[in-house]
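Chains, contacts and geometry: an overview
Now for the letters of each chain:
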Amino acid sequence: MHTPADWLERARAETDGAALHRLARSPYVFVRQALAANPATEPGTLLELAGTRDSPWNDNRLLLLLAEHPRADRTVLRAVLDVVAARLAVGDRPYAAVLALADRPELTPAEVRRLAPLPGASARLRSGLERRLAVRTSR
């Protein structure tokens with residue numbers, strides 16, 4: 001691949017799991033985000049992406065994409081939950097990822113509720129989290 005655009009196009013269009021996994025080592029955060037948005041990306045690759053870092057804004061976007069990914073299994077979602085908890089503990093605000101995790105049936109309400117008392121969780125996030133979990137339990 002010659003340009004960052006080549007990496008991005010491949011991350012968006014590729015369907016081969018092994019090729020997608022190789023792309024996860026890209027130096028470009030937008031490629032990692034494209035992989036997290038690609039429905040063909042396998043859970044092992046998603047798990048690897050959960051451990052990558054760039055900047056708070058890009059990290060929060062990646063965490064949201066991982067939390068929403070249709071192939072994210074319990075292992076991936078637990079890893080995302082742990083990263084989100086660590087970010088909230090230092091005062092960061094991965095709020096969209098928290099709410100997306102609350103919608104995932106692979107995680108128990110108790111697992112997601114443990115995010116509410118962390119320092120970065122605002123009152124608005126806590127109430128949104130409870131609303132999402134209430135909808136889940138009423139289904």
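Now for a look at the structure at hand. (Residues numbered from 1 in each chain as written. Predicted model: local features only at pLDDT ≥ 70, side-chain atom pairs only at ≥ 80, totals over all residues. Heavy atoms only, no water.)

1. A closer look at the overall build of the chain
Keep this limit in mind: Only DSSP runs of H or I reaching four residues or more are called helices, and only runs of E reaching two or more are called strands; each is numbered from the N terminus. With C-alpha atoms as the basis for the radius of gyration, the globule rule is written as 2.2 Å multiplied by the number of residues raised to the power 0.38.
Across its full length, the chain holds nine helices and zero strands. Reading the secondary structure of the chain in the N-to-C direction produces α-α-α-α-α-α-α-α-α. Against the globule reference of 14 Å for 139 residues, the chain gives a C-alpha radius of gyration of 15 Å, in line with a compact fold. Along the first, second and third principal axes, the C-alpha atoms of the chain reach 45 × 30 × 20 Å.

2. Some thoughts on the nonpolar core
In plain terms, the rule: Each nonpolar core is a collection of buried residues, namely Ala, Val, Leu, Ile, Met, Phe, Trp, Tyr and Cys, held together in the definition by side-chain atoms within 4.5 Å. Burial status follows relative accessibility: with a 1.4 Å probe on protein chains alone, a residue under 20% of its type maximum counts as buried, one over 50% as exposed, and anything between as partly exposed. Throughout, a residue-residue contact means that at least one pair of heavy atoms, one from each residue, lies within 4.5 Å.
If you look at the biggest cluster of nonpolar residues, it comprises 42 residues, and the most contacted ones within it are Leu35, Leu66, Val80, Val84, Leu101 and Leu115. Mapped onto this core, the elements with two or more residues apiece are helix H1 (4-13), helix H2 (17-23), helix H3 (29-37), helix H4 (43-50), helix H5 (56-68), helix H6 (74-89), helix H7 (95-102) and helix H9 (123-138). At nine residues, the largest contribution of residues to this core is made by H6. Apart from residues no more than four positions distant in its own chain, Leu66 is found in contact with Ala36, Leu46, Leu49, Ala50, Ala72, Leu77 and Val80.

3. Thoughts on the packing of H5 against H6
Inclusion rule: Comment: axis = line fitted to C-alpha atoms, over the contacting stretch for helices; angle = value between 0 and 180 degrees taken between N-to-C directions. By the definition adopted for this analysis, an angle is roughly parallel if under 35 degrees, roughly antiparallel if over 145, roughly perpendicular if from 65 to 115, and oblique otherwise. Left-handed describes a crossing whose near helix is turned anticlockwise from the far helix by less than a right angle; the clockwise case is right-handed.
Axis separation between H5 and H6 bottoms out at 10 Å; the angle between their running directions is 150°. What the angle tells us is that H5 and H6 run roughly antiparallel. Here H5 runs over H6; the crossing is left-handed. Judged by residue contacts, Pro56, Asp59, Asn60, Leu63, Leu66 and Ala67 of H5 engage Leu77, Val80, Val83, Val84 and Arg87 from H6.

4. What about the packing of aromatic side chains?
The condition that has to hold: Geometry of aromatic contacts follows a simple scheme: Phe, Tyr and Trp rings, the Trp one being its six-membered ring, pair when their centres are within 6.5 Å, and the pair is stacked under 30 degrees between planes, edge-to-face over 60, tilted otherwise.
If you walk through the whole model with that rule in mind, you get two aromatic pairs. Note on Trp7 and Tyr28: the rings are 5.9 Å apart at their centroids and 75° apart in plane angle, and the pair reads as edge-to-face. With Trp7 in helix H1 and Tyr28 in the loop between H2 and H3, this pair connects stretches of sequence that are 21 residues apart. On the numbers, 5.2 Å between centres and 20° between planes, the contact of Tyr28 with Phe30 is stacked. You can call Phe30 partly exposed: its relative accessible area is 33%.

5. A word on the environment of Leu129
Looking at where Leu129 falls in the secondary structure, it is placed in helix H9. The exposure class assigned to Leu129 is buried, which follows from its relative accessible area of 1%. As for Leu129 and Leu99, which are separated by 30 residues in sequence, their C-alpha atoms are 5.9 Å apart.

6. Overview of H9
To keep it simple, the criterion reads: Multiplying 1.5 Å by the residue count of a helix minus one yields the expected span of that helix. Working definition: the arc comes from the directions between the helix axis and the C-beta atoms, pointing outward to the latter.
If you check H9, its first and last C-alpha atoms are 23 Å apart, about what 16 residues at 1.5 Å a residue would give, namely 22 Å. Residues of H9 that are buried: Leu125, Gly128, Leu129, Leu133 and Arg136. Each buried residue of H9 sits inside an arc of 130° when the element is viewed along its axis, so together they form one side. Among the exposed residues of H9, those oriented more than 90 degrees off its buried face are Ala123, Arg124, Arg131, Thr137 and Ser138.

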